[in-house]
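Residues per chain, in single letters:
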Amino acid sequence: MPRPDALLARRALALPLFALLALALAPAARAAEPLPPPRGAVVLTVSGKISVRNAPETAVFDLALLQSLGTVTIRTTTIWTTGEQQFTGVPLMAVLQRLGASGHTIEAAALNDYFTEIPVSDAESDPGPIIAYAQNGELLSVRDKGPLWIVYPYDADAALRSEVIYARSIWQLVSLQVKD
Ligand SMILES: Nc1nc2c(c(=O)[nH]1)N[C@H]1C(S)=C(S)[C@@H](COP(=O)(O)O)O[C@H]1N2
Ligand SMILES: [Mo]
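Residues numbered from 1 in each chain as written. Chains lettered and ligands numbered in written order. Predicted model: local features only at pLDDT ≥ 70, side-chain atom pairs only at ≥ 80, totals over all residues. Heavy atoms only, no water.

**Q** Which parts of the structure should I look at to understand the overall build of the protein?
**A** The number of helices and strands found in the protein is five helices and 10 strands. Counting over 180 residues, the protein shows a buried share of 38%. In the structure as shown, the protein presents an accessible area of about 10,200 Å², 58% of it carried by carbon and sulfur atoms. (Helix = DSSP H or I, 4+ residues; strand = E, 2+ residues; numbered from the N terminus. Buried < 20%, exposed > 50% of the residue type's maximum accessible area, 1.4 Å probe, protein only. Areas by Shrake-Rupley, 256 points an atom, 1.4 Å probe, with all protein chains shown as cover.)

If you want it as structure tokens, here you go:
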């Protein structure tokens, strides 16, 4: 029989070891998790270099499925609006991570055939861009840059208040293609 203090020490060691193991396994387990099919209207289609799909060639999201990836709210002014705005959406990075994206560039396309390239490194920065679906608590309508709008935290960094970043701030977003 080990002495009680030895048992305690062993238990004290076992807990952090278990936590470490869980941390090490969690990201891989999450990325491999199958993506359920959307039940409602598809608002976003992701294609290209992704390893998780719920349709033959793509990952398609309705709003609820997109929200299930985890939502955040950012406050910022924009060149298109007046006064500080509150945008709610899903971090671009959360979508890339959930789908096991492996490229370096994202080609984002809008309803009106506008498209723009977003480096994956933008998504990795903190705070990074979000795929916004609501502004000041109300869902974005197609008339008002919806249903999805890539919004950067412009107020957080002067480098984000640039024409390059504005051009990446695509509204009426419908698809993302992950490329090399
Ligand atoms: N859907 C969509 N998003 C878009 C654009 C567009 O034409 N369509 N123009 C982009 C460019 S190039 C810039 S600089 C800004 C321009 O916004 P503005 O036309 O309101 O000045 O939005 C970006 N997002
Ligand atoms: Mo632009």
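**Q** What is the right way to read the site of ligand 1 from this model?
**A** If you check the shell around ligand 1, you find Trp80, Ala110, Asn112, Tyr114, Glu163, Tyr166, Ala167, Ser169, Ile170 and Trp171 and nothing else. The backbone of Ser169 places a nitrogen or oxygen atom 3.2 Å from a nitrogen atom of ligand 1. Considering ligand 1 on its own, with 530 Å² of exposed area, one finds that the protein chains cover 66% of that surface. Ranked by the residues each element gives to the shell around ligand 1, the list is headed by helix 5 (residues 163-168), at three residues. (Near = heavy atom within 4 Å. Polar contact = N/O pair within 3.5 Å; in protein donor to acceptor, adjacent residues only side chain to side chain.)

**Q** I keep staring at the side chain of Asp122 and nothing clicks. Help me out?
**A** Mapped onto the elements, Asp122 comes out in helix 4 (residues 120-124). A relative accessible area of 12% means that Asp122 is categorised as buried. A polar atom in the side chain of Asp122 sits 2.6 Å from the side chain of Tyr152. Those residues in contact with Asp122 that sit more than four places away from it in its chain are Gly128, Pro129, Tyr152, Ile165 and Arg168. (Contact = heavy atoms within 4.5 Å.)

**Q** Explain the side chain of Arg98 to me, please; I cannot follow it from the model alone.
**A** When you line up the elements, Arg98 lands in helix 3 (residues 92-98). At 3.2 Å, the side chain of Arg98 and the backbone oxygen of Pro34 are in polar contact.

**Q** Would you mind showing me how to read the pattern of salt bridges here?
**A** Close approach of charged atoms allows side chains with opposite charge to pair. The final tally for this structure, using the stated rule, is six salt bridges. One salt bridge in this structure joins Asp180 and Lys49, with 2.7 Å as the shortest N-O distance. Here the residue Asp180 occupies a position in the segment after strand 10 (173-179), and Lys49 occupies one in the loop between strand 1 (44-48) and strand 2 (59-61), the gap between them amounting to 131 residues. With a relative accessible area of 64%, Asp180 lands in the exposed category. Here Asp122 and Arg168 are joined by a salt bridge, their closest N and O atoms 2.9 Å apart. Residue Asp122 is located in helix 4, and its partner Arg168 is located in helix 5; the two are separated by 46 residues in the primary sequence. Because the salt bridges share partners, they merge into one network encompassing Glu107, Glu117 and Lys179. (Salt bridge = Lys/Arg side-chain N within 4 Å of Asp/Glu carboxyl O.)

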